[in-house]
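Chain by chain, the residues run as shown.
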Amino acid sequence: MTPFLRGLAQAVIETFDLPEPILEVGSYQVPGQEHLCDLRPLLAGREHAGLDARPGPGVDIVGDVQALDLPDASVGTVLAFSTFEHVPRFWKGFDEVHRVLRPDGVF
């Protein structure tokens, strides 16, 4: 995550009433960038889970955004910063996000 995207994430989280639960796709905290990519302090007190393809810091759920193991309409908000350019079939990931988002959901 870049400093610009960190600022964007902070602005979105502080400005909008994001429905919960919040799913952060691509939540792995790259070593040396924790101060930028750790969104947990910004989401304190909110129901939040981090999803990534590999286990590690910031990851609560190891999974593939192209095939989410979540029920339909079970997520209020999906956050993804610098993520979908790494997804081989990103359109399937978008379909999955749409499937798991509630009707009032935010992406």
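Heads up: the structure comes first, above all this text.
Residues numbered from 1 in each chain as written. Predicted model: local features only at pLDDT ≥ 70, side-chain atom pairs only at ≥ 80, totals over all residues. Heavy atoms only, no water.

Caption draft 1: The overall build of the protein, seen in detail. If you tally the helices and strands in the protein, you get three helices and five strands. Sequence-ordered secondary structure for the protein, helices as α and strands as β, is α-β-α-β-β-β-α-β. What you see for the protein is a C-alpha radius of gyration of 13 Å, in line with the 13 Å of a compact globule of 107 residues. With the C-alpha coordinates aligned to their principal axes, the bounding extent of the protein is approximately 35 × 30 × 20 Å. Every one of the 107 residues in the protein was classed for burial, and the buried ones make up 40%. When the accessible area of the protein is evaluated, it comes to approximately 6000 Å², of which 57% is carbon and sulfur surface. (Helix = DSSP H or I, 4+ residues; strand = E, 2+ residues; numbered from the N terminus. Rg over C-alpha atoms; globule rule 2.2 N^0.38 Å. Buried < 20%, exposed > 50% of the residue type's maximum accessible area, 1.4 Å probe, protein only. Areas by Shrake-Rupley, 256 points an atom, 1.4 Å probe, with all protein chains shown as cover.)

Caption draft 2: The packing of aromatic side chains, seen in detail. Applying the stated rule across the entire model yields five aromatic pairs. Geometrically, the ring pair formed by Phe84 and Phe107 is edge-to-face, given 6.0 Å between the ring centres and 75° between the ring planes. With Phe84 in the loop between strand S4 (75-80) and helix H3 (90-100) and Phe107 in the segment after strand S5 (101-106), this residue pair connects regions lying 23 residues apart in the sequence. By relative accessible area, which is 11% here, Phe84 ends up buried. With centroids separated by 6.0 Å and ring planes inclined at 70°, the aromatic side chains of Phe90 and Phe94 adopt a geometry described as edge-to-face. A residue pair is termed a helical-turn pair when its members lie 3 or 4 positions apart in one helix, as Phe90 and Phe94 do in helix H3 at four residues. Among the residues examined, Phe94 registers a relative accessible area of 34% and is labelled partly exposed. Note that Arg54 overlies the ring of Tyr28, its terminal NZ or CZ placed 3.7 Å from the centroid. (Phe/Tyr/Trp six-rings, centres within 6.5 Å; stacked < 30°, edge-to-face > 60°. Lys NZ or Arg CZ within 6 Å of the ring centre and 35° of its normal.)

Caption draft 3: Region of interest: the pattern of salt bridges. One pass over the full model with this rule turns up four salt bridges. Taking the shortest distance from any N to any O, the salt bridge between Arg40 and Asp60 comes out at 2.7 Å. Of this pair, Arg40 sits in the loop between helix H2 (34-37) and strand S2 (48-52) while Asp60 is found in the loop between S2 and strand S3 (61-62), placing the two residues 20 residues apart along the sequence. Assessed through its relative accessible area of 29%, Arg40 is described here as partly exposed. Under the relative-accessibility criterion, Asp60 is labelled partly exposed at 46%. Where Asp104 meets Arg102, a salt bridge forms, and the shortest distance between an N and an O atom there is 3.0 Å. Each of Asp72, Glu96 and Arg99 takes part in a single network of salt bridges with overlapping partners. (Salt bridge = Lys/Arg side-chain N within 4 Å of Asp/Glu carboxyl O.)

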